[in-house]
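If you want the building blocks of each chain, they are given just below.
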Amino acid sequence: MRGSPTLATSVVRIVFLARLREALGVSDERYAIDGDTSVGALRAALCARGGAWAVELAPGRAVRIAVNHALVRDDARIAPGDEVAFLPPVTGG
Amino acid sequence: MRGSPTLATSVVRIVFLARLREALGVSDERYAIDGDTSVGALRAALCARGGAWAVELAPGRAVRIAVNHALVRDDARIAPGDEVAFLPPVTGG
Amino acid sequence: MAVRIQSAPFDAQAEADALREGDRDVGAVVTFVGTVRDVNEGDAVSSLELEHYPGMTEKALEAIEADARARFDVRGVLVVHRVGPLAPGDPIVLVVVTGAHRGAAFDACRFVIDYLKTRAPFWKKERTPHGERWVEAREADDDAAARWGATR
Amino acid sequence: MAVRIQSAPFDAQAEADALREGDRDVGAVVTFVGTVRDVNEGDAVSSLELEHYPGMTEKALEAIEADARARFDVRGVLVVHRVGPLAPGDPIVLVVVTGAHRGAAFDACRFVIDYLKTRAPFWKKERTPHGERWVEAREADDDAAARWGATR
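Everything quoted here is computed from the prediction, not taken from an experiment.

(A) Spotlight on the relation of the copies chain D and chain C. Relative to chain C, chain D is turned by 180 degrees and slid 0.0 Å along the rotation axis, the superposed coordinates differing by an RMSD of 0.0 Å. The relationship between the two copies is best expressed as a two-fold rotation axis. Taken together, the interface assignments show that 100% of the residues at the interface of chain D recur at the interface of chain C, consistent with an identical surface on both copies.

(B) A look at the confidence of the model for chain C. Scored by pLDDT, chain C has a mean of 95; 97% of the residues are at 70 or more. This prediction of the complex comes with two scores: 0.93 for pTM and 0.91 for ipTM.

(C) Seen up close, the pairing of strand β6 (residues 76–82) of chain C. Residues and elements named next belong to chain C. For β6, a buried count of seven out of seven residues is recorded, marking the element as mostly surrounded by other parts of the structure. Strand direction decides the pairing type here: strand β1 (residues 2–6) and β6, joined by five bridges, are parallel. By the bridge assignment, Gln-6 is partnered in β6 with Arg-82. Inspection of the sheet shows β6 paired to strand β8 (residues 91–99) by six bridges, in the antiparallel sense. Across the sheet, the residue bridging to Gly-76 is Thr-98, located in β8.

(D) Examining the side chain of D:Arg37 more closely. Topologically, D:Arg37 is positioned in the loop between β2 (28–35) and β3 (39–40). Here the side chain of D:Arg37 touches C:Asp25 through a polar contact of 2.5 Å, side chain to side chain.

(E) Inspection of the packing of helix α3 (residues 102–119) of chain D against helix α4 (residues 139–146) of chain D at higher detail. Residue and element names in this part refer to chain D. Running from amino to carboxyl end, α3 crosses α4 at an angle of 130 degrees, the nearest separation of the two axes being 8 Å. Regarding the angle of α3 to α4, the classification is oblique. The crossing of α3 and α4 is left-handed. Touching Asp-114, Tyr-115, Lys-117 and Thr-118 of α3 are Asp-141, Asp-142, Ala-144 and Ala-145, all from α4. Partitioned by chemical class, the residues of the contact of α3 with α4 number three nonpolar, one polar and four charged.

(F) Inspection of the interface of chain C and chain A at higher detail. In this complex, chain C contributes 25 residues to the contact, which on the side of chain A involves 19 residues. Carbon and sulfur atoms make up 59% of the surface buried where chain C meets chain A, a total of about 1,900 Å² over both sides. By the criterion of area lost to chain A, the three top residues of chain C are C:Tyr53, C:Met56 and C:Trp123, representing 35% of everything that side buries. On inspection of chain C and its partner chain A, the count reaches two salt bridges. Put simply, C:Glu51 and A:Arg21 hold a salt bridge, and the shortest N to O gap is 2.8 Å. At the boundary of chain C with chain A, the tally comes to 13 residue pairs in polar contact (both at pLDDT 80 or more). Elements with a minimum of two residues in the side of chain C that touches chain A: β5 (47–52), α2 (56–71), β8, α3 (102–119) and β9 (122–128) of chain C. Sort the elements by how many residues they give to the side of chain C that touches chain A and α3(C) lands first, with five residues.

(G) Summary view of unusual backbone geometry. Even without being glycine, B:Asn68 reaches a positive phi, approximately 50 degrees. Checked against the element boundaries, B:Asn68 lands in the loop between β4 (64–67) and β5 (70–72). Residue B:Asn68 is classed as partly exposed on the basis of its relative accessible area, which comes to 41%. For C:Glu41, which is not glycine, the phi dihedral falls at a positive 50 degrees. Mapped onto the elements of the fold, C:Glu41 is located in the loop between β3 (39–40) and β4 (43–44). Relative accessible area serves as the criterion here: at 62%, C:Glu41 is assigned to the exposed category.

(H) The arrangement of the interface of chain D and chain C in detail. Between chain D and chain C, the contact holds 38 residues from the first and 38 residues from the second. Counting the surface lost from both chain D and chain C, the interface buries some 3,100 Å², and carbon and sulfur atoms represent 45% of this. Interface area lost by chain D to chain C is led by D:Arg24, D:Arg102 and D:Phe106, which between them contribute 24%. Where chain D packs against chain C, one counts eight salt bridges. The shortest N-O distance in the salt bridge between D:Arg102 and C:Asp141 comes to 2.9 Å. Contributions of two or more residues to the side of chain D that touches chain C are made by α1 (12–19), β2, α3 and α4 of chain D. Sorting elements by how many residues they give to the side of chain D that touches chain C places α3(D) first, with nine residues. Of the residues contributing to the side of chain D that touches chain C, the split by class is 17 nonpolar, eight polar and 13 charged.

(I) Main features of the arrangement of the chains. By contact count, the leading pair among the three pairs of chains in contact is chains C and D. Spatially, chain A and chain B are disjoint, and the shortest separation between their C-alpha atoms is 29 Å.

(J) Layout of the environment of C:Val33. Position of C:Val33 relative to the elements: it lies in strand β2 (residues 28–35). Sequence separation of C:Val33 and C:Val93 is 60 residues, and the distance between their C-alpha atoms is 5.5 Å. If sequence neighbours within four positions are ignored, C:Val33 has contacts with C:Phe10, C:Pro91, C:Val93, C:Leu94, D:Gly27, D:Ala28 and D:Val29.

(K) Structural context of the packing of α3(C) against α3(D). Where α3(C) meets α3(D), the axes come as close as 12 Å, and the angle between the chain directions of the two elements is 175 degrees. Overall, the two elements α3(C) and α3(D) adopt an arrangement that is roughly antiparallel. Seen from α3(C), the contacting residues are C:Arg102, C:Gly103, C:Phe106, C:Asp107, C:Cys109, C:Arg110, C:Ile113, C:Asp114 and C:Lys117; seen from α3(D), they are D:Arg102, D:Gly103, D:Phe106, D:Asp107, D:Cys109, D:Arg110, D:Ile113, D:Asp114 and D:Lys117. Looking at the contact of α3(C) with α3(D) residue by residue, the class counts come to six nonpolar, two polar and ten charged.

(L) Looking closely at the sheet that holds β9(C). Residues and elements named next belong to chain C. Across the sheet, four strands lie side by side as β7-β5-β9-β10; this open sheet has antiparallel pairing. Bordering the open sheet on either side are β7 (84–86) and β10 (131–134), each of which pairs with just one other strand. With strand direction ignored, the average angle separating the axes of adjacent strands in the sheet is 25 degrees. Relative to β9, β5 runs antiparallel, the two sharing six bridges. Bridged to Glu-51 within β9 is Trp-123.

Rules behind the numbers
- Residues numbered from 1 in each chain as written.
- Chains lettered and ligands numbered in written order.
- Predicted model: local features only at pLDDT ≥ 70, side-chain atom pairs only at ≥ 80, totals over all residues.
- Heavy atoms only, no water.
- Least-squares fit on C-alpha atoms with pLDDT ≥ 70 in both.
- Contact = heavy atoms within 4.5 Å.
- pLDDT = per-residue confidence, 0-100.
- Buried < 20%, exposed > 50% of the residue type's maximum accessible area, 1.4 Å probe, protein only.
- Helix = DSSP H or I, 4+ residues; strand = E, 2+ residues; numbered from the N terminus.
- Pairing = 2+ DSSP bridges.
- Polar contact = N/O pair within 3.5 Å; in protein donor to acceptor, adjacent residues only side chain to side chain.
- Axes fitted to C-alpha atoms, helices over the stretch in contact; angles between N-to-C directions.
- Parallel < 35°, antiparallel > 145°, perpendicular 65-115°, else oblique.
- Left-handed = near helix turned anticlockwise from the far one by under 90°.
- Nonpolar A, V, L, I, M, F, W, Y, C, P; charged D, E, K, R; others polar.
- Buried area = accessible area lost by both parts, 1.4 Å probe.
- Salt bridge = Lys/Arg side-chain N within 4 Å of Asp/Glu carboxyl O.

As structure tokens, this is what we get:
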């Protein structure tokens, strides 16, 4: 069930990078959050979409999450206007 | 007593490098050795010349000795035609 | 103290000279260049595409650079990382560290590349005879980073 | 696998490119450059003269290079050392090591310069405000070499 874009709720921007973008078929989306949400809760909600979402964002998968460009843990809070990025393990250098 | 250049005895070439050359005032010399000599014996003989020789080549001084371009210990043998080099501690790089 | 992300190649000598320009107290310059290998995990690699996360990647590199300067007595740190299409043999990343003496410069240079490999948001997609694939993170890289006693 | 002693400066990028020319299995290039500092032991250094022992110095560098290749899984090692008159800021020595991965390349590069500093017959004479003097060997260099478990 995708977030419903009602006026009252606020919106975050979700970004998917590299392999995740391709696996999920989405580079970024506006996602409505209702009030006080955690990174973990957001991940679970996306996971609940089933299909590739359920596979790629399952708890065991090595996905790092950044809020406004800073890596965070699952208990981090998300606020309206935040940018939440889902990052596969990095392979630079 | 410098080695006496008689025909019967054989000769080695001694080379002094960097600070030693300047302290001893000699860059290289032909030195007659009589038969089977060790590096340590040669050093002692040069030391016995007194003055700067006694100071610079005294046992405690950090002087390395190479025979034919290979570092050796005091017990190494010297043979006619060898090149014996006296090296101050190195400071390259 | 600079970080650059670019698609163009770089000249390590010129970058090093610029970094130590006018700093006559520098006695040691240590440089690491990572290059595209033509084989990975046993498969031939014909080309490589480097992706990054604009904004976060720069911040991540700056944080790594600051961490290096906090840990090691060095004078200058420069990181240049390329993005976009690359071919085997091409340089990917440059890390230059200048210092008065070589010990700290070696440590800092190695620290930066070890951390970059596990913390900077870059991803490699390679083309092999079996098609395109995203490169997998190497455990050896995690181990290398762990050896520095991660401060996070 | 090269050793050069020369008075002319060198270009680290060009030397590294030449060393890994055609070797697409190289993934890491580590370079060390030692430069003339304008101060030593608290005194200003206005110029430096590098002396070596022709014949032995080359052999010593080749032995160090062979030792590095025996100890570390690397693909290429290059050492270039200058002799003659140098000024503050001038590069003195270049060590380049190429390898498939960075760990061995870092270790080998550091090994070569640590051994060079204690075993290769070079001597520095510097000009300071108090006149010329031969640079003293640094204990730190002996310690650095010792850390590699010297194999005479």
